[in-house]
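Overview (structure and organization)
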Amino acid sequence: MKKLSRHELMQYGTAIISFLIVMTFTLLIFFWFVQQSVDKSVQNVLQKNTLQQKDHLELVLEKEYEFLENPAAYFGTTSDLFSNDNLQLLAELASSSSYHRLMLFSTDGIGRSSDGKKTDASSRNYFQKTLEGRRVISSPLSSSVDNETLVVLTVPVYDKDQNIIGVFGGSIDVTELTTMLFEDLYSGSGYSFITDSDGNIISIESTHNEIRENFFTSSSDWVFQTSEDGTTLQEDFKQGHANCRKITADLSHARYISYQPLKYNGWMLCYIIPAVDARQPFAFINNFEIILFAFFICNVLLLIFALWKINQKNQTLLLRQAHTDALTGLLNKVYAEHTISEWLREKDFEDLQALMMIDMDYFKQINDTYGHATGDQVLKIFAGFLKEQFRTTDIIGRVGGDEFMILMKNVRLDYSIHLHLQKLYTNLQNINIPELNGQKLSCSIGCAVAPTDAESFSQLYRLADHALYTAKHNGRGRFVIYHDIKNQQETVLS
């Protein structure tokens, strides 16, 4: 073997060093782009989660308004708003609801509350707006009795001629509504709050005292990812725009703030979470960068690493193919049932877990009329629709030709399941498939709830299937929750 000269060694050394320098800069640029992509993905996920929580909060408030409107309709039928019967009903409603106080006013603003006190709301802005025939939620009010910050929800009281004869409302601690948001995301490491368009705090958990009365003032010393983010954030709040921004004042404590506009009073729902927690689902990318850079130093190990990565990629692809339904991209029957069964077996639940069986109505008719190609397209569209309607943490699978199975995890309240399914069916009517010539999609849903109805997968599956059979037997196009069958309270979707 020919011995290399010193000059040749220097040439090889220079070439290797140049190669290493070029490759180092190439890798650093690549890593930078990867991190930018991860950062964008994290913000997209946070925006989606915040949007889902915003929708949930608005559904809860919608339910509160419906609670107020039912007795308001009754009060409007009575000859005396402040009769003993009405005042007694007022007290009974307050004792069985989440409201601190319920209040009934005549059109002059003078009224009575559920605790028997006289009250005057004539100068209150929320009272004047309600007299215009609107649902109203007030700005925060300080309660001298409860030493809490409350908001008042009010609805008009109409007589039989649809004339406004009074106002009915109640005070509620909005913090109690917001604290349950985001609890099932990122192990509860973030926190939420509500502001108005000027940044004034409407609601925030008391444990998070970095933000005081005004969010813009409290965040004035924050450093955002780009210099214009702070100004743009305030513009977003004033114009009601949703967004997600990164706070990088301290690199070791970087955070994200995601915000969505509520449909009430120009309020904004905000969520702040440490970057390390928000990026945890993408942590494997950082590990990959470290491993790739280390193996780059040694060409042999780099080759081994590349071969290992190829093998890992193939294994991941094979595993994904084994777990995924080829047509829809959802979990297949075997893996969906396995995943749900494991979740129900290993989790110590505090919240409700809703197992849903979904059948598309008249799918055979679609296949026979329009052909199997159109049928496959309908299944793909319906599968994509289901993914949009549920959280990324929920388990969604296709378990048959036109049959789907979903586990809706960690639902805090039973009626939230009803609300979610009602919204699902409403949104389903918005799907337009040109190949079906105007025919709308329809589905039947059977649902069983753990631990209310049963605890194991096999038991829940049997009960949900029974509920599905009941929904189909009673005309399709509806959902049935198992425990409603026992109470003879079938919910029909219209």
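Above this text sits the structure in question.
Chains are numbered independently. Their residues run from 1 in the order of the written sequence. Under the rules for a predicted model, residues below a pLDDT of 70 receive no local features and side-chain atom pairs below 80 are neither given nor counted, while totals for whole chains, interfaces and linings still include all residues. For side-chain calculations, the full set of non-hydrogen atoms in the structure is used, while hydrogens and water are omitted.

Moving on to the overall build of the protein. Numbering of helices and strands starts at the N terminus; helices are DSSP runs of H or I of at least 4 residues and strands are runs of E of at least 2. Broken down by element type, the protein carries 15 helices and 17 strands. Partly exposed residues are those whose accessible area sits between 20% and 50% of the maximum for their type, while under 20% is buried and over 50% is exposed, using a 1.4 Å probe and protein chains only. Split into buried and exposed, the 494 residues of the protein put 45% on the buried side. Surface accessibility in these figures is a Shrake-Rupley result with a 1.4 Å probe; residues are shielded only by whichever protein chains are displayed. With the model as given, the accessible surface of the protein reaches about 26000 Å², and the carbon-plus-sulfur share is 53%.

Okay, the packing of aromatic side chains next. Ring pairs shown here join Phe, Tyr and Trp side chains whose ring centres sit within 6.5 Å, with only the six-membered ring taken for Trp; geometry is labelled stacked below 30 degrees between planes, edge-to-face above 60, and tilted in between. The tally for this structure, following the rule as stated, stands at 15 aromatic pairs. Each ring, one from Phe67 and one from Tyr99, has its centre 5.7 Å from the other, and the planes form 15°; the classification is stacked. Pair noted here: Phe67 is in helix 1 (residues 6–75) and Tyr99 is in the loop between helix 2 (84–95) and strand 1 (101–106), with a separation of 32 residues, a long-range link. The class for Tyr99 is buried, based on a relative accessible area of 4%. With centroids separated by 5.8 Å and ring planes inclined at 20°, the aromatic side chains of Phe215 and Phe237 adopt a geometry described as stacked. You can see Phe215 sitting in helix 5 (residues 215–218) and its partner Phe237 sitting in helix 6 (residues 229–239), a full 22 residues away along the chain. In terms of burial, Phe215 and Phe237 fall into one category: buried. One aromatic cluster is present, formed by Tyr191, Phe193, Phe215, Phe216, Trp222, Phe237 and Tyr259 through successive ring pairs.

Should a side-chain nitrogen of Lys or Arg be within 4 Å of a carboxyl oxygen of Asp or Glu, the pair is scored as a salt bridge. Tallying each qualifying case throughout the model produces 16 salt bridges. Two residues, Glu342 and Arg345, come together in a salt bridge whose shortest N-O distance is 2.3 Å. A residue pair is termed a helical-turn pair when its members lie 3 or 4 positions apart in one helix, as Glu342 and Arg345 do in helix 10 (residues 333–346) at three residues. Bridged by salt links that share partners, the residues Glu62, Glu69, Arg135 and Lys263 form one connected network.

What follows covers the packing of helix 12 (residues 372–389) against helix 13 (residues 414–428). Only C-alpha atoms enter the line fits that serve as axes; for helices the fit covers just the stretch in contact. Angles between N-to-C directions range over 0 to 180 degrees. With their axes 11 Å apart at the nearest point, helix 12 and helix 13 run at an angle of 140° to one another. Viewed along their axes, helix 12 and helix 13 adopt a mutual orientation that is oblique. The handedness of the crossing between helix 12 and helix 13 comes out as right-handed. Residues Phe382, Phe385, Leu386 and Gln389 of helix 12 lie in contact with helix 13, whose contacting residues are His420, Lys423, Leu424, Asn427 and Leu428. Classifying every residue of the contact of helix 12 with helix 13 by side-chain character gives five nonpolar, three polar and one charged. Reported orientations rely on four angle classes, namely roughly parallel under 35 degrees, roughly antiparallel over 145, roughly perpendicular from 65 to 115, and oblique for the rest. Whether a crossing is left-handed or right-handed is set by the direction in which the near helix is turned from the far one by less than a right angle, anticlockwise for left-handed and clockwise for right-handed. The contact criterion used is simple: two residues touch if any of their non-hydrogen atoms lie within 4.5 Å. Three classes are used: nonpolar for Ala, Val, Leu, Ile, Met, Phe, Trp, Tyr, Cys and Pro, charged for Asp, Glu, Lys and Arg, and polar for all others, with Gly counted as polar.

Moving on, we come to the pairing of strand 13 (residues 352–360). In terms of burial, strand 13 is largely enclosed, as nine of its nine residues are buried. Going residue by residue along strand 13, you find Leu352, Ala354, Met356, Ile358 and Met360 tucked away on one face and Gln353, Leu355, Met357 and Asp359 tucked away on the opposite face as well. At least two DSSP bridges between two strands are required for those strands to pair. Two elements, strand 13 and strand 15 (residues 403–411), share seven bridges in a ladder whose sense is antiparallel. Across the sheet, the residue bridging to Leu352 is Val411, located in strand 15. Pairing of strand 13 with strand 16 (residues 443–450), which is carried by eight bridges, proceeds in the antiparallel orientation.

On the basis of which strands lie adjacent, the open sheet formed by five strands has the order 14-15-13-16-17 and mixed pairing. Each edge of the open sheet carries a strand with a single partner, namely strand 14 (395–398) and strand 17 (479–481). The average undirected angle you get between the axes of adjacent strands in this sheet is 15°. Along the sheet face, helix 10 touches strand 13, strand 14 and strand 15 and points at about 20° away from the line of strand 15. Each of strand 13, strand 15, strand 16 and strand 17 touches helix 14 (residues 457–473); the most contacted strand, strand 16, lies at about 145° to it.

Surface patches are defined over residues having more than 30% relative accessible area and no salt bridge, joining like charges when they lie within 9 Å and nonpolar side chains (Val, Leu, Ile, Met, Phe, Trp, Tyr) when within 5 Å. Residues Ile17, Ile21, Phe25 and Leu28 make up a contiguous nonpolar surface patch of about 400 Å² in total accessible area. Among the structural elements, Ile21 can be located in helix 1. The class of Ile21 is partly exposed, set by a relative accessible area of 44%.

What follows concerns the nonpolar core. Leu46, Leu102, Leu153, Phe168, Ile194 and Tyr256 are the most contacted members of the largest nonpolar core, which totals 44 residues. At the level of elements, helix 1, helix 2, strand 1, strand 6 (149–158), strand 7 (164–172), strand 12 (268–274) and helix 7 (275–278) are the ones that each hand at least two residues to this core. Per-element tally for this core: the top contributor is helix 1, with ten residues. Beyond its immediate stretch of four places on either side in the chain, Leu102 contacts Leu68, Leu90, Leu93, Ala94, Arg112, Ser113, Ser114, Phe168, Gly169 and Gly170. To form a nonpolar core, buried Ala, Val, Leu, Ile, Met, Phe, Trp, Tyr and Cys residues must be joined to one another through side-chain atoms within 4.5 Å. Counting 35 residues, the second largest nonpolar core, distinct from the first, contains Leu421, Leu436, Cys443 and Ile481.

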